[in-house]
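Single-letter residue listing:
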Amino acid sequence: MKPIQYVLLWISEAFLFATALVMLFIIFPEDKVYWFFRERLGFIEEYTWNNYYFLSLCVTSLLIVSIVVYLTAVIKKR
């Protein structure tokens, strides 16, 4: 692969990550998820909640991108 192809691949993966992250924010709005967990776990400090909520969305987005890249590589290899 040429260097420009690696750059374009990285940019497309970063765009896919950002798109997946935005879609997760839309599908799981922070206020509804917060109240869902607060009813079950009790009081959650705002600082702790913000850290874990954003971290979980980023990790989930990363997993989605990894699965898409893996499936694309498997399909392309056939």
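Keep in mind that this is a model prediction, so the values were computed, not measured. (Residues numbered from 1 in each chain as written. Predicted model: local features only at pLDDT ≥ 70, side-chain atom pairs only at ≥ 80, totals over all residues. Heavy atoms only, no water.)

Caption draft 1: Geometry of the packing of helix H2 (residues 30-41) against helix H3 (residues 46-77). The contact between H2 and H3 brings their axes to 12 Å, and the two run at 115°. Relative to H3, the crossing made by H2 is right-handed. Contact residues: H2 offers Glu30, Val33, Tyr34 and Phe37, while H3 offers Trp49, Asn50 and Tyr53. Split by residue class, the contact of H2 with H3 holds five nonpolar, one polar and one charged. (Axes fitted to C-alpha atoms, helices over the stretch in contact; angles between N-to-C directions. Helix = DSSP H or I, 4+ residues; strand = E, 2+ residues; numbered from the N terminus. Left-handed = near helix turned anticlockwise from the far one by under 90°. Contact = heavy atoms within 4.5 Å. Nonpolar A, V, L, I, M, F, W, Y, C, P; charged D, E, K, R; others polar.)

Caption draft 2: How the structure looks around the pattern of salt bridges. For the structure shown, the criterion picks out one salt bridge. For Arg40, the salt bridge is made with Glu39, and the minimal N-O distance between the two is 3.7 Å. Both residues of the pair, Arg40 and Glu39, belong to the exposed class. (Salt bridge = Lys/Arg side-chain N within 4 Å of Asp/Glu carboxyl O. Buried < 20%, exposed > 50% of the residue type's maximum accessible area, 1.4 Å probe, protein only.)

Caption draft 3: Representation of the nonpolar core within the structure. Among the nonpolar cores identified, the biggest contains nine residues, and these are Leu21, Leu24, Val33, Tyr34, Ile44, Trp49, Tyr53, Leu57 and Cys58. Elements with a contribution of two residues or more to this core: helix H1 (3-27), H2 and H3. Setting aside its immediate chain neighbours within four residues, Val33 contacts Phe28, Trp49 and Tyr53. (Core = buried A, V, L, I, M, F, W, Y, C linked by side-chain atoms within 4.5 Å.)

Caption draft 4: Representation of the environment of Tyr53. Positionally, Tyr53 belongs in helix H3. Of the residues examined, Tyr53 reaches a relative accessible area of 5% and is grouped as buried. Spatially, the C-alpha atom of Tyr53 lies 8.7 Å from that of Val33, the residues being 20 residues apart in sequence. Those residues in contact with Tyr53 that lie beyond four places of it in its chain are Phe25, Phe28, Pro29, Glu30 and Val33. There is a polar contact of 3.3 Å between the side chain of Tyr53 and the backbone nitrogen of Glu30. (Polar contact = N/O pair within 3.5 Å; in protein donor to acceptor, adjacent residues only side chain to side chain.)

Caption draft 5: Representation of the packing of H1 against H3 within the structure. Orientation of H1 relative to H3, taken along the N-to-C sense of each, is 130°, at an axis distance of 9 Å. Judged by the inter-axis angle, H1 sits oblique to H3. As for how H1 packs across H3, the hand of that crossing is right-handed. Taken together, the residues of H3 that come into contact with H1 (itself represented by Glu13, Leu16, Phe17, Ala20, Leu21, Leu24 and Phe25) are Tyr53, Phe54, Leu57, Cys58, Thr60, Ser61, Leu62, Ile64, Val65, Val68 and Val69. When its residues are assigned to classes, the contact of H1 with H3 shows 15 nonpolar, two polar and one charged. (Parallel < 35°, antiparallel > 145°, perpendicular 65-115°, else oblique.)

Caption draft 6: Focus on H3. If you check H3, its first and last C-alpha atoms are 46 Å apart, about what 32 residues at 1.5 Å a residue would give, namely 46 Å. All of the buried residues along H3 are Trp49, Tyr53, Leu57, Cys58, Ser61 and Val65. Against H1 and H2 lie the buried residues of H3. (Expected span 1.5 Å × (residues − 1).)

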